[in-house]
Amino acid sequence: MKKQNIITLLSFFMLVFQVNAIDKYVTDDVDVFLRRGPGSQYAYSNSVKAGEKVTELEKSADGKYTRIQISNGSVAWIETAKLKEQPSYKELFPSLEAKLAEYKDKADNADQYHQNIINESNQKLQNNEKLIESLQNKSNELEKQVKAQSKQIDSMMNQVDDKRRDLIVTWFTYGGLVAGGGFLLGLILPSIIPSRRKRDRWMR
């Protein structure tokens, strides 16, 4: 019963310690030897690598030693001065390496993205230049057609003017002939009519 009570009590204290456990990191300087108790009079029990992550369980009364649990589950005491709050370089290196790879990938993708934009802009510029050239050619063709049609219209207007002049000359000619014929009739008729009257008188 006593053994069971002791085991139960130890389990309780371990549970309390684990609830209050805090992550700590061993300094990056050198590997540190751990002791069996909170003082230099206690023998070494284990060692921990520099920069390794450990779990703080409790501190000694004077605060110079801290009881920790290392990655393999062993529990021992270490000088409090050889613990720190911030992650060690050993812990940070993988995450830093991953972030560096992530930034490199983003940088590569950014370069590719910018290159794609440049390629698309060049392609659009070439398409616009082709479109402008095509529109210019169509404009030149339309200009030629307009000039040709203008020449045709000028030619037709000239023909109309010529026909109008010919028609006017024709009408003046006909008018002159009619007037001349009337004038001649005016001269001839008086000479014809009196002679008939004289004949009529003579016959009477």
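Everything numeric here is computed off the predicted structure, so don't read it as measured data. (Residues numbered from 1 in each chain as written. Predicted model: local features only at pLDDT ≥ 70, side-chain atom pairs only at ≥ 80, totals over all residues. Heavy atoms only, no water.)

Caption draft 1: The pairing of strand β4 (residues 53-59), seen in detail. In this structure, β4 lies alongside strand β5 (residues 65-69), joined through 4 bridges in antiparallel fashion. Residue pairing in the sheet places glutamate 58 in a bridge with arginine 67 of β5. Linking β4 to β5, which pair antiparallel, is a turn of 5 residues; within it glycine 63 sits at a positive phi near 75°. (Pairing = 2+ DSSP bridges. Helix = DSSP H or I, 4+ residues; strand = E, 2+ residues; numbered from the N terminus.)

Caption draft 2: Highlighting the pattern of salt bridges. Under the definition given, this model contains 4 salt bridges. Close ionic contact of glutamate 58 with arginine 67 constitutes a salt bridge, the shortest N to O distance being 3.7 Å. Residue classification places glutamate 58 among the partly exposed positions, given a relative accessible area of 25%. (Salt bridge = Lys/Arg side-chain N within 4 Å of Asp/Glu carboxyl O. Buried < 20%, exposed > 50% of the residue type's maximum accessible area, 1.4 Å probe, protein only.)

Caption draft 3: Quick peek at the nonpolar core. Ranked by size, the top nonpolar core spans 9 residues in total: Val32, Leu34, Val48, Val54, Ile68, Ile70, Ala76, Ile78 and Leu83. Contributions of two or more residues to this core are made by β2 (32-35) and β6 (75-79). (Core = buried A, V, L, I, M, F, W, Y, C linked by side-chain atoms within 4.5 Å.)

Caption draft 4: Fine view of the side chain of threonine 66. Examined against the element boundaries, threonine 66 turns out to sit in strand β5. What makes threonine 66 buried here is its relative accessible area of 0%. Non-local contacts of threonine 66, meaning those with residues more than four positions away in its chain, are made with Glu56, Glu58, Lys59, Ala76, Trp77, Ile78, Thr80 and Leu83. (Contact = heavy atoms within 4.5 Å.)

Caption draft 5: Fine view of the environment of aspartate 62. With respect to the helices, strands and loops of the structure, aspartate 62 is situated in the loop between β4 and β5. The exposure class assigned to aspartate 62 is exposed, which follows from its relative accessible area of 52%. Among the polar contacts listed, one links the side chain of aspartate 62 to the backbone nitrogen of lysine 64, at a separation of 3.1 Å. (Polar contact = N/O pair within 3.5 Å; in protein donor to acceptor, adjacent residues only side chain to side chain.)

Caption draft 6: Summary view of the confidence of the model for the protein chain. The predicted model of the protein chain averages 76 in pLDDT, with 75% of residues at 70 or higher. The secondary structure element of the protein chain with the lowest average pLDDT is helix α1 (residues 2-19), at 48, and the one with the highest is β5, at 91. In this model residues 9-19 is a low-confidence stretch, pLDDT under 50, and it forms 4 contacts with partners more than four residues away in sequence or in other chains. (pLDDT = per-residue confidence, 0-100.)

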